[in-house]
Amino acid sequence: MHPLLPSLAAACLYAGATAYQSFRLSRRTAPDKRLLSLLGLLALLFHGASLFIQMNHATGLALDFFNASSLIAFAVILLSLLACMRMPVENLLLLLYPLGCLTVLLAQLMPNGTLRPISESPGILAHILLSIIAYGILTIAAFQSLLLLLQDHQLKHKHPSGLIKSFPPLQTMESLLFGFLWAGWALLSLSLLSGAVFLDDLFAQHLAHKTILSSFAWVVFAVLLWGRHQLGWRGHKAIRWTLAGFCLLMLAYFGSKLVREFILHI
């Protein structure tokens, strides 16, 4: 099967779910959580099929820039849908479904980078998997911080929109943010540790920028979690630190891949 068909099906389902959620929120009514999740699960099935076809090469795993972006978006949406089963985080889907739509189409329509397919040991593949899950959870934390910023701004100016009225209380939103941060930071720690164990040289030329920026991101998140525990950091300070750590992490992974594959062609 050509990956175009499942990619288009996934994109249409993501777009439909976004339109449905936006329409219900514009009418100041909560969307049906089961329908929203069902549309997301169907989209993930097609998204996963598209990724499998595109990434599964005879010589290894094709994890170039756009495939990696699509894979991380897949992981983010899957983790969010799992979280929706126990936590009130369905508003995140209003940001994540469009992300899934965009990345699945870009992975299909944009030219491939120069990265060779990955054919590595189970240890290296475990490191890659841990990295993807860590990036996924910290991406959720970044989007959660943006929603928290929007909620705080509208509540202060006393102009809550239909979206904001569907949010949990501010304290709950903040607790969810730090829950995601703790989980993401722990997985990022495991990712860096597994890289140190299974990679021959974390500071080789093609890995140095990624390692250094990821380590800086780890420190930023560690300081934020320490500040929350010891100093009670919250609000705008917590949001700024979250977004700073997220930007460093995205530069570490996507910045280095973009430069290597589309500028340096290595």
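Cut-offs and rules
- Residues numbered from 1 in each chain as written.
- Predicted model: local features only at pLDDT ≥ 70, side-chain atom pairs only at ≥ 80, totals over all residues.
- Heavy atoms only, no water.
- Helix = DSSP H or I, 4+ residues; strand = E, 2+ residues; numbered from the N terminus.
- Contact = heavy atoms within 4.5 Å.
- Areas by Shrake-Rupley, 256 points an atom, 1.4 Å probe, with all protein chains shown as cover.
- Buried < 20%, exposed > 50% of the residue type's maximum accessible area, 1.4 Å probe, protein only.
- Salt bridge = Lys/Arg side-chain N within 4 Å of Asp/Glu carboxyl O.
- UniProt positions renumbered as here; feature names shortened; annotations may be inferred.
- Core = buried A, V, L, I, M, F, W, Y, C linked by side-chain atoms within 4.5 Å.
- Patch = residues over 30% accessible without salt bridge, like charges linked within 9 Å, V, L, I, M, F, W, Y side chains within 5 Å.
- Expected span 1.5 Å × (residues − 1).

**What about the overall build of the protein chain?**
Along the backbone of the protein chain there are nine helices and two strands. Ordered by position in the sequence, the α and β elements of the protein chain form the string α-α-β-β-α-α-α-α-α-α-α. Contacts in the protein chain between residues at least 24 apart in sequence constitute 78% of all its contacts with a sequence separation of at least 6. When the accessible surface of the protein chain is split by element, carbon and sulfur atoms take 70% of a total near 13300 Å².

**Quick word on unusual backbone geometry**
Both trends apply: most residues other than glycine have a negative phi, and most peptide bonds are in trans. Phi at Arg 28 is positive, roughly 60°, even though this residue is not glycine. With respect to the secondary-structure elements, Arg 28 resides in the loop between α1 (4-26) and α2 (33-55). Of the residues examined, Arg 28 reaches a relative accessible area of 52% and is grouped as exposed.

**Observations concerning the pattern of salt bridges**
For the structure shown, the criterion picks out four salt bridges. Of the charged contacts, one joins Asp 32 and Arg 34 as a salt bridge, the two residues approaching to 4.0 Å between their closest N and O atoms. Accessibility expressed as a relative area gives 69% for Arg 34, which makes it exposed. Between Glu 174 and Arg 228 there is a salt bridge whose closest N-O contact spans 3.5 Å. Placement of the pair is Glu 174 in helix α7 (residues 170-198) and Arg 228 in helix α8 (residues 208-231), with a sequence separation of 54 residues. For Glu 174, a relative accessible area of 5% corresponds to the buried category. Beyond isolated ion pairs, a larger network of salt bridges with shared partners links Glu 174, Arg 228 and Arg 234.

**Examining the environment of Arg 240**
Positionally, Arg 240 belongs in helix α9 (residues 235-264). Overall, the relative accessible area of 53% leaves Arg 240 in the exposed class. Placed 94 residues apart in sequence, Arg 240 and Leu 146 show a C-alpha to C-alpha distance of 9.8 Å.

**A short note on the UniProt feature "transmembrane region" (unreviewed entry) in the protein chain**
As recorded in UniProt, the feature "transmembrane region" (unreviewed entry) lies at residues 6-23, 35-53, 65-85, 92-111, 123-150, 176-199, 211-227 and 239-256. End-to-end, the C-alpha atoms of residues 6-23 are 25 Å apart, and along that stretch the chain is 100% helix and 0% strand. As annotated, residues 123-150 has a helix share of 100% and a strand share of 0%, and its two end C-alpha atoms lie 41 Å apart.

**Brief notes about the side chain of Thr 242**
Turning to its location among the elements, Thr 242 is positioned in helix α9. By relative accessible area, Thr 242 is classed as buried at 1%.

**So, the nonpolar core**
One broad rule of soluble globular proteins: the nonpolar side chains tend to lie buried together. By size, the foremost hydrophobic cluster in this structure holds 66 residues, and its most contacted members are Tyr 14, Leu 92, Tyr 97, Phe 180 and Leu 181. Taken together, the elements giving at least two residues each to this core come down to α1, α2, α3 (65-84), α4 (93-109), α5 (122-156), α7, α8 and α9. If you tally residues by element for this core, the top one is α5, at 13 residues. Apart from residues no more than four positions distant in its own chain, Leu 92 is found in contact with Ile 140, Phe 143, Gln 144, Leu 147 and Phe 180.

**Considering a nonpolar patch on the surface**
On the surface, Leu 35, Leu 38, Leu 42 and Leu 45 cluster together into a nonpolar patch covering about 350 Å² of accessible area. As for its placement among the helices and strands, Leu 45 is situated in helix α2. According to the relative accessible area criterion, Leu 45 is exposed, its value standing at 61%.

**Some thoughts on the side chain of Gln 144**
Its place among the elements puts Gln 144 in helix α5. Those residues in contact with Gln 144 that sit more than four places away from it in its chain are Leu 92, Met 173, Leu 176, Leu 177 and Phe 180.

**Brief notes about α1**
Given a rise of 1.5 Å per residue, 23 residues ought to cover 33 Å, and the 32 Å separating the end C-alpha atoms of α1 matches this to within 8%. Of the positions making up α1, those classed as buried are Pro 6, Ser 7, Ala 10, Ala 11, Tyr 14, Ala 17, Thr 18, Tyr 20, Gln 21 and Leu 25. One or two residues past the end of α1 sits Arg 28, with phi positive at roughly 60°.

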